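# Notes for the structure review
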Amino acid sequence: MALGLPGFVVVAAGEYGGELELLVETTESVTGCPRCGVVATLHDRQPRWVRDLPASGRPVVLVWFKRIWRCAEARCAQRTWSERSAAIRPRAVLTERPGWRPAGGSARTRPTSPRWPPTSASAGAP
Ligand SMILES: [Zn+2]
């Protein structure tokens, strides 16, 4: 499955509650310490949830398993850091896609919501 986000690959995909959930990770499997340049070791992974472009009319949620790196040099002050991506900014809830502005009028792609409150046939009737 093509994701279209540079530097990311889809690891797994599933559907939950009508939403398409894609597990993604970066293709960068080796990195160096930003402070001392020693090759880092994988310390941990943390999931980050971000909303992406709808696919085939369904909402898409990306679960980015962000790598937490650790400097292999014991005396280095850097210790651990998490990887970054230009496509998913820190603390962002949306992916960075040119021309995609879900806040400004994408509501018309949503199905019309059912009448609310629903007319209840049994409420109050013994
Ligand atoms: Zn270091």
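Reading the values: the criteria
Residues numbered from 1 in each chain as written. Predicted model: local features only at pLDDT ≥ 70, side-chain atom pairs only at ≥ 80, totals over all residues. Helix = DSSP H or I, 4+ residues; strand = E, 2+ residues; numbered from the N terminus. Buried ≥ 20, exposed ≤ 12 C-beta atoms within 10 Å, placed from the backbone. Contact = placed C-beta atoms within 7 Å. Core = buried A, V, L, I, M, F, W, Y, C linked by C-beta atoms within 7 Å. Pairing = 2+ DSSP bridges.

### Considerations on the overall build of the protein chain
Check the secondary structure of the protein chain and you find 0 helices and 5 strands. Along the protein chain, helices and strands appear, N-terminal first, in the series β-β-β-β-β. Expressed as a percentage of the 126 residues in the protein chain, the buried residues total 12%. Counting contacts in the protein chain only where the partners sit at least 6 residues apart, residues at least 24 apart contribute 52% of the total.

### Quick word on unusual backbone geometry
The phi dihedral of S56 falls on the positive side, at around 55°, and the residue is not glycine. For S56, the position within the fold is in the loop between β3 (41-55) and β4 (58-70).

### A look at the nonpolar core
Counting 8 residues, the largest nonpolar core consists of L5, F8, L22, V24, L62, W64, A87 and I88. Among the elements of the structure, β2 (19-26) and β4 are those that each provide at least two residues to this core. Setting aside residues no more than four positions away along its own chain, V24 makes contact with L3, F8, V9, V10, V11, L62, V63 and W64.

### Here's the deal with the environment of A77
Summarising the element assignment, A77 is placed in the loop between β4 and β5 (80-82). Through-space distance from the C-alpha of A77 to that of C36 is 9.0 Å; in sequence the pair is 41 residues apart.

### Remarks on the environment of P6
Inspection of the secondary structure assignment puts P6 in the segment before β1 (8-16). Along the backbone, P6 and A86 are 80 residues apart, and their C-alpha atoms lie at a distance of 8.8 Å.

### Considerations on the pairing of β4
Across 5 bridges, the pairing between β2 and β4 is parallel. Residue pairing in the sheet places L23 in a bridge with V63 of β4. Pairing of β3 with β4, which is carried by 12 bridges, proceeds in the antiparallel orientation. Its bridge partner lying in β4, D52 is registered against V60. A loop of 2 residues connects β3 with β4, the two strands running antiparallel in sequence, and S56 in this loop sits at a positive phi of about 55°. Two elements, β4 and β5, share 3 bridges in a ladder whose sense is antiparallel. Looking at β5, one finds that I68 is bridged to S82.

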